[in-house]
Amino acid sequence: MKKIIKYLLNFTALSFMIFYSYFSYAIIVRVPNIDRLMNLIYSQVEKLTLVSIAFIIIITFINYVFERKIEKRKTSYEFTWLLLIHIIILILAIAYYSNDFYKQFIKHPEYF
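All residue numbers here refer to positions counted from 1 along the written sequence of the relevant chain. Totals for whole chains, interfaces and linings use every residue, but because this is a predicted model, local features are given only for residues with pLDDT of at least 70 and side-chain atom pairs only at 80 or more, for both listing and counting. Heavy atoms throughout the structure, all of them, feed into the side-chain values; hydrogens and water do not.

(A) Geometry of the layout of surface pockets. Cavities and pockets are found on a 1 Å grid laid over the protein atoms alone: a cavity is a set of points where a 1.4 Å probe fits but cannot escape, a pocket is an open set with protein on both sides within 12 Å along at least five of seven lines, and a lining residue has an atom within 4 Å of such a point. Grid points are joined across faces, edges and corners, and a volume is the space filled by probe spheres set on the points. The calculated volume of the largest pocket comes to roughly 160 Å³. For the largest pocket, the full set of lining residues is Y22, Y25, A26, I28, Y97, D100, F101, Q104 and F112. Runs of H or I in DSSP of at least four residues are treated as helices and runs of E of at least two as strands, each being numbered from the N terminus. Looking at the lining of the largest pocket, the elements that each hand over two or more residues are α1 (2-26) and α3 (78-107). Any residue outside Ala, Val, Leu, Ile, Met, Phe, Trp, Tyr, Cys, Pro, Asp, Glu, Lys and Arg is labelled polar, Gly included; the first ten of those are nonpolar and the last four are charged. Of the residues belonging to the lining of the largest pocket, the class tally is seven nonpolar, one polar and one charged.

(B) Region of the structure containing the packing of α1 against helix α2 (residues 34-70). Each axis is a line fitted through C-alpha atoms, and for a helix only the stretch in contact is used; angles between axes span 0 to 180 degrees, taken between their N-to-C directions. For the pair α1 and α2, interaxial distance at closest approach is 11 Å and the crossing angle is 175°. With respect to α2, the element α1 is oriented roughly antiparallel. In the contact of α1 with α2, the residues fall into 16 nonpolar, six polar and three charged. The scheme is simple: roughly parallel for angles under 35 degrees, roughly antiparallel for over 145, roughly perpendicular for 65 to 115, oblique for anything else.

(C) Expanded view of unusual backbone geometry. Non-glycine residue K72 carries a positive phi angle of around 55°. Turning to its location among the elements, K72 is positioned in the loop between α2 and α3. For each residue, the accessible area found with a 1.4 Å probe, counting protein chains only, is set against the maximum for its type, and the residue is called buried under 20%, exposed over 50%, and partly exposed in between. Here K72 falls in the exposed class, since its relative accessible area comes to 62%.

Below is the structure:
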């Protein structure tokens, strides 16, 4: 039961971060011109990276404490595997939504 709670917490937090990555691009309603597009994407990637780093630090600490104190496992390093999974998924999500935003702008600039 404890592992289910831990994995559910990780899944929920990671889903929230993926949605945050999507939402950060979805709220952009106007891009002045195509020259400023890449600056806008770089700015968003920088903001998302800082938020993701904070998220990873917090969730890794929670996983570590949960593993050591609640599950009472002293030699397990499952939290490091979860850390790597979180990093990979967040990098892929940020890259995907950045690329998708760029492609949508190029394809339909009239929407922005």
